[in-house]
Amino acid sequence: MDIKVLIALHKAYQIPEDGIYIPLHVGASGKKNIGLLSDGQSNSRTITRDDQGDNISTKNPYYCELTGLYYGWKNVDADAIGLVHYRRYFSMKSRKYIKRHGAFGSVLTYDEATALLTRADIVVPKKRRYYIESLYSHYAHTLDGTHLDLAKEIINEKYPEYMPELVKVYDQSWGYMFNMAIFHKQLLDEYCTWLFDILQELETKIDVSQLDAFSARLFGRVSEILFNVWITKKQSEGLSVVECNVIDMEPINWTRKILGFLQAKFFGKKYSKSM
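Read on for an overview of the structure. These figures come from a predicted structure and were not determined experimentally. (Residues numbered from 1 in each chain as written. Predicted model: local features only at pLDDT ≥ 70, side-chain atom pairs only at ≥ 80, totals over all residues. Heavy atoms only, no water.)

## Some thoughts on the pairing of strand β11 (residues 181–184)
And step 1. Across four bridges, the pairing between strand β6 (residues 80–85) and β11 is antiparallel. The residue of β11 that forms the bridge with Ala80 is His184.
And step 2. Alignment of strand β8 (residues 122–125) against β11, held across two bridges, turns out to be antiparallel. The partner of Val123 across the bridge, within β11, is Ile182. (Pairing = 2+ DSSP bridges. Helix = DSSP H or I, 4+ residues; strand = E, 2+ residues; numbered from the N terminus.)

Right under this line is the structure:
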């Protein structure tokens, strides 16, 4: 099976050695090349730019890593295509293994990805649970709930068959987040056709020129929740998913994340930067 996993990145950064991965400069339009990346071994690889071929690279300030997903959809030829982040990867390794071999020595390999894709149609991140928040309320407390309201209106108009799943997903307290997944190519085609049609319509309803840089990245954030709507609908039709742990390449400040989460929920303090 030919599997390609794009790494969304915007600066030079270490990448895994496994040839399954393609480093992709997202938001490359109008910017200089970010050069070669060492994979920690003796090899170096050229970074692919997301402003080549059929692309939406100029939308990166609003779509985030989705410009990478779009690039993969339109320009990469493989049996299965995935997307991860330069600081966040899938991994099947134990904590003990990761501690011994390091994060970059513990990312999902070709053999592991092949095994997962023989078990299921799509590889997704392990569920992120919010416990005291629904996906909708968490978004509304931390960002702007009207984004999801508008997405709901669009789906009701263009894809009404998804409405039962949308209501369910908005109300659930967990989700497959990060816009990370590995799809069989046909499913990537189906998902991207659906998603980018909705986001294109959403663009006509929100004036991003009035938003600061952090808030303007809303289309990438809305898509995280819409991915769960699409997945839930497809599961009802027989689609199978397999969850995979996610490994962070840098330490996470959990104290800051939890404090920000609680301040947003109980004191109305919106997020103003990435947590």
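## Section: the nonpolar core
And step 1. In terms of nonpolar packing, the biggest core is built from 90 residues, with Trp194 and Phe196 touching the most fellow members.
And step 2. Element by element, the count of residues in this core is highest for helix α8 (residues 185–203), at ten residues.
And step 3. Those residues in contact with Phe196 that sit more than four places away from it in its chain are Ile56, Tyr63, Leu66, Leu69, Tyr70 and Trp73. (Core = buried A, V, L, I, M, F, W, Y, C linked by side-chain atoms within 4.5 Å. Buried < 20%, exposed > 50% of the residue type's maximum accessible area, 1.4 Å probe, protein only. Contact = heavy atoms within 4.5 Å.)

## A short note on the packing of helix α7 (residues 163–171) against helix α9 (residues 218–236)
And step 1. Between α7 and α9, the least distance of the axes is 9 Å, while the angle of their chain directions is 125 degrees. Between α7 and α9, the angle is such that the two are oblique. Where α7 crosses over α9, the two elements pack in a sense that is right-handed. Across from Glu165, Leu166, Lys168, Val169 and Tyr170 in α7, the residues of α9 making contact are Ile225, Asn228, Val229, Thr232, Lys233 and Ser236. (Axes fitted to C-alpha atoms, helices over the stretch in contact; angles between N-to-C directions. Parallel < 35°, antiparallel > 145°, perpendicular 65-115°, else oblique. Left-handed = near helix turned anticlockwise from the far one by under 90°.)

## Notes on empty space enclosed by the protein
And step 1. Enumeration according to the criterion identifies one cavity of 30 Å³ or more in this entry.
And step 2. By volume, the largest cavity amounts to about 70 Å³.
And step 3. Lining the largest cavity we find Leu69, Leu83, Asn179, Met180, Ala181, Phe183, Tyr191 and Phe227.
And step 4. The class makeup of the residues in the lining of the largest cavity is seven nonpolar, one polar and no charged. (1 Å grid on protein atoms, 1.4 Å probe; cavity = no way out; pocket = protein on both sides within 12 Å on 5 of 7 lines; lining within 4 Å. Points joined across faces, edges and corners; volume = space filled by probe spheres on them. Nonpolar A, V, L, I, M, F, W, Y, C, P; charged D, E, K, R; others polar.)

## Focus on helix α2 (residues 66–75)
And step 1. Of all ten residues making up α2, eight are buried, and the element is well covered by its neighbours.
And step 2. Where α2 is concerned, the buried positions are Leu66, Thr67, Gly68, Leu69, Tyr70, Tyr71, Gly72 and Trp73.

## Thoughts on unusual backbone geometry
And step 1. Non-glycine residue Phe178 carries a positive phi angle of around 80 degrees.
And step 2. On the secondary structure map, Phe178 appears in the loop between β10 (174–175) and β11.
And step 3. A relative accessible area of 13% means that Phe178 is categorised as buried.
And step 4. Look at Asn179: it is not a glycine, yet its phi comes out positive at around 55 degrees.
And step 5. Along the chain, the position of Asn179 falls in the loop between β10 and β11.

## Digging into the pattern of salt bridges
And step 1. A complete count under the given rule lists eleven salt bridges for this structure.
And step 2. Across the pair Arg88 and Asp248 runs a salt bridge whose closest N-O atoms are separated by 3.5 Å. On the criterion of sequence distance, the pair formed by Arg88 in strand β7 (residues 88–91) and Asp248 in strand β12 (residues 241–248) is long-range, its members being 160 residues apart.
And step 3. On the accessibility criterion, Arg88 (24% relative accessible area) is partly exposed.
And step 4. Residue classification places Asp248 among the partly exposed positions, given a relative accessible area of 29%.
And step 5. Close ionic contact of Glu243 with Lys127 constitutes a salt bridge, the shortest N to O distance being 2.4 Å. Here Lys127 lies in the loop between β8 and β9 (128–129) and Glu243 lies in strand β12, a separation of 116 residues in the sequence. (Salt bridge = Lys/Arg side-chain N within 4 Å of Asp/Glu carboxyl O.)

Note that every value here comes from positions in space, so none of it alone points to a role or purpose.
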